[in-house]
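Below are the chains, spelled out letter by letter.
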Amino acid sequence: MRPHLSRVPGVLGEIARRRAEEVVPYPLPPAPEAVPSFREVLFQPGLSVIAEVKKSSPSEGAIRALDSVAAARAYQRGGARAISVLTEPHYFGGSLEDLLRVRQAVDLPLLRKDFVVDPFMLKEARAYGASAVLLIVALLGELTGVYLEEARRLGLDALVEVHTERELELALEAEAEMVGINNRNLTTLQIDLTTAPRLGRLAREAGFGGVLVAESGYSRREELKPLEGLFDAVLIGTSLMKSPDLEEALRALVG
Ligand SMILES: O=P(O)(O)OC[C@@H](O)[C@@H](O)c1c[nH]c2ccccc12
């Protein structure tokens, strides 16, 4: 079952509709061996970092033409608990090959970062080595629960991404076990770092006991302060990718 994308506004709608046109199922390679669960590694005490391999983005254009494997290895050395790999090609310069190559190079659980708009993309994620997938509520709406169920059936964890109070409600209704709060509005691309703490508090007040991840826009250590005691993890891409030394940048950010 596919979501209705015709009325999704802004850049998000543009990317997602293009993605949907491209999904044509094909025979998949056998999935690589299982690695530690994405969700479980984030349950460790303290704020975990999910470091992201991201070569370009709609807001920044080209970020860095660094090889994905080199980036992922530096992240692992720097203490990342998990790695996110963009697989969207047109706007983010990613690929499934990047995901598989990173899988073969590091031991950390991987998140397939893409605009999932067809259940086949979940099977694909698993076949190319992901332990988890991103599910964006602004795209999947009421179908979020269906995609969550299908991800579970395939043995994948799902990071359910929200940006508004209404989307958070939908994520909690769908019984998400990991919720990502994106500081970036994917329609306008604006960042507001007060979004994650605000919606994070609401999620906890509503009794959410799962993994909470703050996403986007972090580049300085002080910015992580409001997340302490509330969030399990933070997802960081651009500021790390832009650093001359990714390992050092990661250590400097989280100590
Ligand atoms: O590069 P940043 O600002 O550190 O952000 C990372 C990550 O949160 C961002 O890439 C992201 C969050 N949600 C997404 C959905 C699709 C594509 C990308 C994203």
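So, a few notes on the structure that sits alongside this text.

Reading guide: rules and limits
- Residues numbered from 1 in each chain as written.
- Predicted model: local features only at pLDDT ≥ 70, side-chain atom pairs only at ≥ 80, totals over all residues.
- Heavy atoms only, no water.
- Near = heavy atom within 4 Å.
- Polar contact = N/O pair within 3.5 Å; in protein donor to acceptor, adjacent residues only side chain to side chain.
- Areas by Shrake-Rupley, 256 points an atom, 1.4 Å probe, with all protein chains shown as cover.
- 1 Å grid on protein atoms, 1.4 Å probe; cavity = no way out; pocket = protein on both sides within 12 Å on 5 of 7 lines; lining within 4 Å.
- Sits in = over half its atoms within 2 Å of the grid points.
- Helix = DSSP H or I, 4+ residues; strand = E, 2+ residues; numbered from the N terminus.
- Pairing = 2+ DSSP bridges.
- Axes fitted to C-alpha atoms, helices over the stretch in contact; angles between N-to-C directions.
- Contact = heavy atoms within 4.5 Å.
- Salt bridge = Lys/Arg side-chain N within 4 Å of Asp/Glu carboxyl O.
- Expected span 1.5 Å × (residues − 1).
- Buried < 20%, exposed > 50% of the residue type's maximum accessible area, 1.4 Å probe, protein only.
- Left-handed = near helix turned anticlockwise from the far one by under 90°.
- Nonpolar A, V, L, I, M, F, W, Y, C, P; charged D, E, K, R; others polar.
- Right-handed = clockwise from strand over helix to strand, strands pointing away.
- Points joined across faces, edges and corners; volume = space filled by probe spheres on them.

Surrounding the ligand, one finds 17 residues, the nearest of these being Glu52, Lys54, Glu161, Gly237 and Thr238. In this structure, a nitrogen atom belonging to the ligand sits 2.7 Å away from a side-chain N or O atom of glutamate 161. In the environment of the ligand, an oxygen atom lies 2.9 Å from a nitrogen or oxygen atom belonging to the backbone of glycine 217. About the coverage of the ligand: the protein hides 97% of its 440 Å² of free accessible area. Taking a 2 Å distance to the grid points as the criterion, the majority of the atoms of the ligand fall inside the largest pocket. Going through the elements one at a time, β6 (132-136) and β10 (233-236) are the ones with two or more residues in the shell around the ligand.

Before going further, it helps to spend a moment on the sheet that holds β6. With respect to topology, eight strands assemble into a closed barrel ordered β1-β4-β5-β6-β7-β8-β9-β10, the strand pairing being parallel. This sheet shows a mean twist of 25° between the axes of neighbouring strands, independent of strand direction. Relative to β6, strand β5 (residues 110-113) runs parallel, the two sharing two bridges. Note on β6: the bridge partner recorded for arginine 112 is valine 133. Running at roughly 150° to strand β8 (residues 178-182), helix α9 (residues 195-205) makes contact with β8 and β9 (211-215) of the sheet.

With that out of the way, let us pick up unusual backbone geometry. For leucine 189, which is not glycine, the phi dihedral falls at a positive 70°. One can find leucine 189 in the loop between β8 and α9. At serine 216, a position not held by glycine, the phi torsion is positive, near 80°. Within the element layout of this structure, serine 216 appears in the loop between β9 and β10.

Let us now look at the pattern of salt bridges. Evaluation of the coordinates by the stated rule reveals 22 salt bridges. For the salt bridge of arginine 19 with glutamate 22, the shortest nitrogen-to-oxygen distance reads 2.8 Å. Here arginine 19 and its partner glutamate 22 are both found in helix α1 (residues 10-22), three residues apart, which amounts to about one turn of the helix. Taking the shortest distance from any N to any O, the salt bridge between glutamate 247 and arginine 77 comes out at 2.8 Å. Here glutamate 247, found in helix α11 (residues 246-254), pairs with arginine 77, found in helix α3 (residues 68-78); they are 170 residues apart in sequence, far enough to count as distant. Here the salt bridges share partners, and the residues they tie into one network are Arg19, Glu22, Arg112, Asp114 and Glu124.

The end-to-end C-alpha distance of α1, which contains 13 residues, comes to 19 Å, matching closely the 18 Å that a straight helix rising 1.5 Å per residue would cover. Within α1, burial applies to Val11, Leu12, Gly13, Ile15, Ala16, Arg19 and Ala20. Buried residues belonging to α1 abut β5, α5 (120-127) and α6 (137-140).

Tracing the chain through its elements places asparagine 183 in the loop between β8 and α9. For asparagine 183, a relative accessible area of 0% translates into the label buried. In terms of polar contacts, asparagine 183 uses its side chain to reach the backbone amide nitrogen of alanine 196, at 2.9 Å.

Interhelical geometry of α3 versus α11 gives an angle of 35° and a closest axis separation of 8 Å. In this structure, α3 crosses over α11, and the sense of that crossing is right-handed. Where α3 abuts α11, its residues Ala71, Ala74, Tyr75, Arg77 and Gly78 lie against Leu246, Glu247, Leu250 and Arg251. Per-class residue counts for the contact of α3 with α11 are five nonpolar, one polar and three charged.

All buried positions along helix α4 (residues 96-105) are accounted for by Leu96, Asp98, Leu99, Val102, Arg103 and Ala105. Where α4 is buried, its residues contact α3, β4 (82-86), β5 and α5.

Put simply, side chains in a regular strand alternate between the two faces of the sheet. Residue alternation in β5 divides its side chains into two sets, Leu110 and Arg112 and Leu111 and Lys113, and both sets are buried. Once the chain exits β4 it traverses α4 before rejoining the sheet at β5, and the crossover so formed is right-handed. Taking the sense of rotation as the criterion, the β-α-β connection linking β5, α5 and β6 turns out right-handed.

Our next topic: the layout of surface pockets. If you add up the space inside the largest pocket, you get close to 440 Å³. Lining the largest pocket are 32 residues, with Glu52, Lys54, Phe92, Arg184 and Ser216 sitting closest to its centre. Those elements giving two or more residues to the lining of the largest pocket turn out to be α1, β6, β10 and α10 (238-241). By residue number, the principal contributor to the lining of the largest pocket is α1, which donates three residues. A breakdown of the residues in the lining of the largest pocket according to their chemical character gives 15 nonpolar, nine polar and eight charged.

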